[in-house]
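Below, each chain spelled out in residue letters.
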Amino acid sequence: MSIVAEHLTKIYRLKKRQTKTAVNDISFSVPTGEIVGFIGPNGAGKSTTIKMMTGILIPDNGSITIDGLQFKKNRKEIMLKTGVVFGQKSVLCWDIPVLDTLKLFKDMYRVSDAVYRENMDMFSEILGINEFIKQPPRLLSLGQRMKADLAASLIYDPDILFLDEPTIGIDVLSKERIRDFIQKINKERHTTIILTTHDVSDIETLCEKMIIIDNGSLIYNGTLKALKTNYNTTDLEEIIKEIYRNGETKDA
Ligand SMILES: Nc1ncnc2c1ncn2[C@@H]1O[C@H](COP(=O)(O)OP(=O)(O)O)[C@@H](O)[C@H]1O
Ligand SMILES: [Mg+2]
């Protein structure tokens, strides 16, 4: 399940005929089975890009191809193959027990009983969702809510997972569990993962490659290793700070 974005552009129409180009002609591809860190300062256009890649927003220009499929023609097939988690916004029903929402997803995505059980066991083992699954999201901590959202996005075994700030505001232990979980899913199922995060250690532990955008434009697309070589330091946080300050990368 590869992702190909070509000349992707999104322009928001604001009041008084003003516009904001949130994503400006970016192109990249992500091969099957990779975990890519999708990085950029606040307002860079990360969430907008993820929304276009998941069919929530329609690009003003350019295209997204997911395993050869496009939203215009194959929306339903793409939906079945992709999962998404927004750290800032839950897909779960606020007032009903998490378990009920997961069962709803099971029906919606036609997950077999066997796969459902197997996944639920794994989510309980690695994420501990059994501890809070009978409660509604409104009673959960942020970490628990994120784990529940991860479970919902993976209950139907998608081939691609988009994670938009899944570790934001979460304590170190929950974060570690979420990271272990992401790693396990990628290793065992070869799920392709696009991960947005401001946490440098998320990137260090999970990603081999990075795509950096700033102000709607692509400024780096390559390996962490190459980036560190270009900057002559292994301190990724320092490198990222310098890139954000300059709005460009060295020799990229
Ligand atoms: N619905 C919207 N309407 C108008 N402007 C928006 C909307 N959503 C995001 N923007 C603007 O587009 C830019 C990119 O936003 P976003 O994709 O959320 O960035 P990021 O996720 O990297 O922080 C920002 O300047 C933001 O203010
Ligand atoms: Mg965002």
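What counts, and at which threshold
- Residues numbered from 1 in each chain as written.
- Chains lettered and ligands numbered in written order.
- Predicted model: local features only at pLDDT ≥ 70, side-chain atom pairs only at ≥ 80, totals over all residues.
- Heavy atoms only, no water.
- Salt bridge = Lys/Arg side-chain N within 4 Å of Asp/Glu carboxyl O.
- Helix = DSSP H or I, 4+ residues; strand = E, 2+ residues; numbered from the N terminus.
- Buried < 20%, exposed > 50% of the residue type's maximum accessible area, 1.4 Å probe, protein only.
- Pairing = 2+ DSSP bridges.
- Axes fitted to C-alpha atoms, helices over the stretch in contact; angles between N-to-C directions.
- Parallel < 35°, antiparallel > 145°, perpendicular 65-115°, else oblique.
- Left-handed = near helix turned anticlockwise from the far one by under 90°.
- Contact = heavy atoms within 4.5 Å.
- Core = buried A, V, L, I, M, F, W, Y, C linked by side-chain atoms within 4.5 Å.
- Near = heavy atom within 4 Å.
- Polar contact = N/O pair within 3.5 Å; in protein donor to acceptor, adjacent residues only side chain to side chain.
- Areas by Shrake-Rupley, 256 points an atom, 1.4 Å probe, with all protein chains shown as cover.
- Nonpolar A, V, L, I, M, F, W, Y, C, P; charged D, E, K, R; others polar.

### Brief notes about the pattern of salt bridges
- Within this structure, the stated rule accounts for 14 salt bridges.
- Between D60 and K10 there is a salt bridge whose closest N-O contact spans 3.7 Å. In this pair, D60 is assigned in the loop between α1 (46-53) and β4 (61-66) and K10 in strand β1 (residues 3-13), connecting sequence segments 50 residues apart.
- Under the relative-accessibility criterion, D60 is labelled partly exposed at 36%.
- The class for K10 is buried, based on a relative accessible area of 12%.
- We note a salt bridge from K241 to E238, for which the minimum N-O separation is 3.3 Å. Of this pair, K241 and E238 both sit in helix α9 (residues 236-246), separated by 3 residues, roughly a single helical turn.
- Salt bridges sharing common partners tie together K175, R179, D199 and D202.

### Things to note about the sheet that holds strand β3 (residues 35-39)
- Strand order in the open sheet made by the 6 strands is β5-β6-β7-β3-β8-β9, with mixed pairing throughout. What marks the edges here is a single partner per strand, and that holds for β5 (82-86) and β9 (217-223). Neighbour-to-neighbour, the strand axes of the sheet open up by a mean angle of 15 degrees, direction not taken into account.
- Direction of pairing for β3 relative to strand β7 (residues 192-196): parallel, over a ladder of 4 bridges.

### Some thoughts on the packing of helix α5 (residues 142-154) against helix α6 (residues 172-189)
- It is the contact of α5 with α6, at a shortest axis distance of 11 Å, that shows an interaxial angle of 15 degrees. The angle between the axes of α5 and α6 places the two elements in the roughly parallel class. Like other packed secondary-structure pairs, α5 and α6 cross with a definite hand, here right-handed. Where α5 approaches α6, its residues M146, K147, L150 and L154 are matched on the opposing element by S174, R177, I178, F181, I185 and R189.

### Observations regarding the nonpolar core
- Membership of the largest hydrophobic core comes to 51 residues, with the highest contact counts inside it found for L102, M120, F123, I129, F181, M210 and L227.
- Those residues in contact with L102 that sit more than four places away from it in its chain are Y116, M120, I129, I133, A148, A151 and A152.
- One finds V23, F28, F71 and F162 within the second-largest nonpolar core, a separate group that totals 25 residues.

### Section: the sheet that holds strand β2 (residues 19-30)
- The strand order β2-β1-β4 describes an open sheet built from 3 strands, whose pairing is antiparallel. What marks the edges here is a single partner per strand, and that holds for β2 and β4. Strand after strand, the sheet turns through a mean of 25 degrees between neighbouring axes, direction not considered.
- Alignment of β1 against β4, held across 5 bridges, turns out to be antiparallel. Looking across to β4, one finds that E6 is bridged to S63.

### Section: the environment of G87
- Its location among the elements puts G87 in the loop between β5 and α3 (98-108).
- By relative accessible area, G87 is classed as buried at 4%.
- In sequence terms G87 and G143 are 56 residues apart; their C-alpha atoms lie 9.9 Å from each other.
- Other than its neighbours up to four places away in sequence, G87 contacts R145, M146, D164, E165 and I168.

### Let's talk about the site of ligand 1
- What surrounds ligand 1 is the set Y12, L14, K20, A22, P41, N42, G43, A44, G45, K46, S47 and T48.
- Take G43: an N or O atom from its main chain is 2.7 Å from an oxygen atom of ligand 1.
- In the complex, 63% of the free accessible area of ligand 1, which totals 560 Å², lies under the protein chains.
- Of all elements in the fold, only β2 and α1 reach the threshold of two or more residues within the shell around ligand 1.
- Counting residues per element, the shell around ligand 1 draws most heavily on α1, at 3 residues.
- Tallied by class, the residues present in the shell around ligand 1 amount to 5 nonpolar, 5 polar and 2 charged.

### Describing the environment of S63
- Its location among the elements puts S63 in strand β4.
- With 58 residues separating them in the primary sequence, S63 and A5 have C-alpha atoms 5.8 Å apart.
- Residues in contact with S63, not counting those within four places in the same chain, are V4, A5, E6, L8 and Q70.

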